[in-house]
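# Fold and geometry: a report
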Amino acid sequence: MTADDYFAIQRLINIYFVHVDGADFDAAGSLFDRADMIYTATGRHIHQDGAAVAALMRSFVKLHGPDERPLTRHHSGNLTIEPDGDARASARCSAIIFQAAPGFPLQPIAEASYCDRFAKDGDAWHFTRREMEMTLTGDLSQHLLREA
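Here's what I pulled together on the structure shown here. This is a predicted model, so every value here is computed, not measured.

### Here's the deal with the overall build of the protein chain
- The number of helices and strands found in the protein chain is three helices and six strands.
- Listing each helix as α and each strand as β along the protein chain from the N terminus yields α-α-β-β-α-β-β-β-β.
- In terms of C-alpha radius of gyration, the protein chain reaches 15 Å, essentially the compact-globule figure of 15 Å for 148 residues.
- When the accessible surface of the protein chain is split by element, carbon and sulfur atoms take 50% of a total near 7700 Å².

### Some thoughts on unusual backbone geometry
- One non-glycine residue, E68, lies in the positive phi region at around 50 degrees.
- Of note, E68 is situated in the loop between helix 3 (50–60) and strand 3 (72–83).
- With a relative accessible area of 51%, E68 lands in the exposed category.

### Focus: the sheet that holds strand 4 (residues 88–101)
- Spatially, six strands are ordered 2-1-6-5-4-3 in an open sheet, and the strand pairing comes out mixed. Edge positions in the sheet fall to strand 2 (44–47) and strand 3, since each has one partner strand and no second. Averaged over all adjacent pairs, the angle separating strand axes in this sheet is 15 degrees, with direction ignored.
- Here strand 3 runs beside strand 4; their pairing, made up of 10 bridges, is antiparallel. Paired with S76 across the bridge in strand 4 is A95.
- Along the sheet face, helix 1 (residues 3–21) touches strand 3, strand 4, strand 5 (104–121) and strand 6 (124–137) and points at about 160 degrees away from the line of strand 3.
- Sheet contacts for helix 3: strand 1 (36–39) and strand 2; angle to strand 2, the most-contacted strand, approximately 145 degrees.

Cut-offs used in this document
- Residues numbered from 1 in each chain as written.
- Predicted model: local features only at pLDDT ≥ 70, side-chain atom pairs only at ≥ 80, totals over all residues.
- Heavy atoms only, no water.
- Helix = DSSP H or I, 4+ residues; strand = E, 2+ residues; numbered from the N terminus.
- Rg over C-alpha atoms; globule rule 2.2 N^0.38 Å.
- Areas by Shrake-Rupley, 256 points an atom, 1.4 Å probe, with all protein chains shown as cover.
- Buried < 20%, exposed > 50% of the residue type's maximum accessible area, 1.4 Å probe, protein only.
- Pairing = 2+ DSSP bridges.
- Axes fitted to C-alpha atoms, helices over the stretch in contact; angles between N-to-C directions.
- Contact = heavy atoms within 4.5 Å.

The following block contains the structure:
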């Protein structure tokens, strides 16, 4: 694995958070067009269907204001990327999710842990699997319409 490979995987992980915070659920979902998405809390498993991932996000993330944004910021950390040959890798990271909404001061609302797998086709890396688990939660009243 080269440094470019490492940074490409890191970018995939972080661009997901950028898309979610920006309420671009189609872009976030498209990252999983060739991947399995597993929500460990509910056991929900979406098999290689980015549109279904996007639809699920729309069904449970509460949007605010005229811009219809979740008003969240995901800050990821504890990233470890492990190569598995030249064209496969796995990664783990966590994210603290902050939110500020009208009448809801800035605060951490959750911590999530991610276990990911990746494959490389030609020069491009893509997700092949993501397991997402919310391990710590605070006040999710302004973030969730319902459980994922």
